Amino acid sequence: MKLTGDFHTHTTYTHGTSTIEENVKQAENLGLKNIAITEHSYNSCYHINHGDLDKMRKDIDAIKDKYKIKILLGIEANLISRNGDLDIDDSELDKLDLVIVGFHKFTKVKFKEWLFFVLPNLIRKRPSKKQIERNTKAYLNCIKKHRVNILAHLQYGGCYVDCEKIAKECVKRNIYIELNGKRINFSKIEIDKMVKTGVKFIINSDAHDIYSVGKNHRAFNLIEKYKIPLEQIANLDKIPDFK
Ligand SMILES: [Zn+2]
Ligand SMILES: [Zn+2]
């Protein structure tokens with residue numbers, strides 16, 4: 001059982017402490033075959049600026065022949081509305097190697113969306129049924145409208161969803177559900193329901209420094225504890241497909 005890639009890492013382009021090359025070097029030293037650089041999108045509190053994706057692509061092109069590992073450029077886009085809108089244009093997503101989508105509490109959104117979508121997730125420890133339905137719908141709207149490859153840290157940050165419903169839609173669209181190296185909040189029941197849909201999971205570190213690249217103890221513990229079938233993990237002994 002070997003991890004083939006880490007598809008969610010941050011750098012000094014936002015609030016990470018390592019450069020693209022440092023992440024790449026670290027991943028190669030760990031024996032990974034793939035590394036993705038996936039910075040926070042435009043509305044995050046720590047965000048890239050317009051033009052940064054082109055700069056990052058140039059940075060990657062400048063070092064790619066120095067290393068054996070494949071370097072992918074992606075984004076961690078923010079879910080910013082109940083309609084499933086993202087804080088980056090589809091035309092920009094098309095130029096990337098992979099697209100991660102996540103909900104983050106401290107993201108710039110329109111006031112109405114803050115009031116009816118973000119705020120309930122901020123204040124309620126135990127989500128209401130209506131809130132879960134609303135959050136689930138936001139994700140479903142998003143994956144029906146935009147190119148998405150990975151859903152990051154579901155159930156984290158107060159945005160509780162119906163995991164089974166989302167997993168069923170992910171199966172149809174070949175979208176991976178992330179087992180985040182740091183942020184995991186799935187119950188055994190939720191994992192069991194998702195496994196039954198046949199959805200594929202992906203293990204990612206969400207590293208913000210070189211020492212965290214490729215480090216996924218929490219995800220591996222969960223896989224063992226809840227007995228997630230290894231063939232349903234996209235980056236164990238196989239390479240995920242981000243078309
Ligand atoms: Zn995130
Ligand atoms: Zn992240």
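See the structure shown above.
Residues numbered from 1 in each chain as written. Chains lettered and ligands numbered in written order. Predicted model: local features only at pLDDT ≥ 70, side-chain atom pairs only at ≥ 80, totals over all residues. Heavy atoms only, no water.

### What to know about the sheet that holds strand β5 (residues 150-151)
Here is step 1: Reading across the sheet, the seven strands line up as β1-β2-β3-β4-β5-β6-β7 and stay open at both edges, with parallel pairing between neighbours. Both edges of this open sheet fall to β1 (5-6) and β7 (201-204), since each of them pairs with a single strand only.
Here is step 2: The pairing of strand β4 (residues 98-102) with β5 spans two bridges and is classified as parallel. Counted as the bridge partner of Ile100 is Ile150 from β5.
Here is step 3: Docked against the sheet, helix α8 (residues 217-225) engages β6 (176-180) and β7, running at close to 110° with respect to β6. (Pairing = 2+ DSSP bridges. Helix = DSSP H or I, 4+ residues; strand = E, 2+ residues; numbered from the N terminus. Contact = heavy atoms within 4.5 Å. Axes fitted to C-alpha atoms, helices over the stretch in contact; angles between N-to-C directions.)

### Details of the coordination of the zinc ion (ligand 2)
Here is step 1: The protein atoms that coordinate the zinc ion (ligand 2) are His8 (NE2), His10 (NE2), Glu76 (OE) and Asp206 (OD), at distances of 2.1 to 2.2 Å.
Here is step 2: Around the zinc ion (ligand 2) sit four donor atoms; with metal-centred angles ranging over 82 to 169°, the donor geometry is irregular.
Here is step 3: Read from N- to C-terminus, the donor residues coordinating the zinc ion (ligand 2) fall into the pattern H-x1-H-x65-E-x129-D.
Here is step 4: Between the two metal centres, the zinc ion (ligand 2) and the zinc ion (ligand 1), the spacing is 3.5 Å, with Glu76 acting as a shared donor. Pair noted here: His10 is in the loop between β1 and α1 (20-29) and Glu76 is in strand β3 (residues 70-78), with a separation of 66 residues, a long-range link.
Here is step 5: According to the relative accessible area criterion, Glu76 is buried, its value standing at 0%. (Donors = N, O, S within 2.8 Å, 3.2 Å for Na, K, Ca; no water. Tetrahedral: all angles 85-135°; square planar, octahedral: opposite > 155°, others 65-115°. Buried < 20%, exposed > 50% of the residue type's maximum accessible area, 1.4 Å probe, protein only.)

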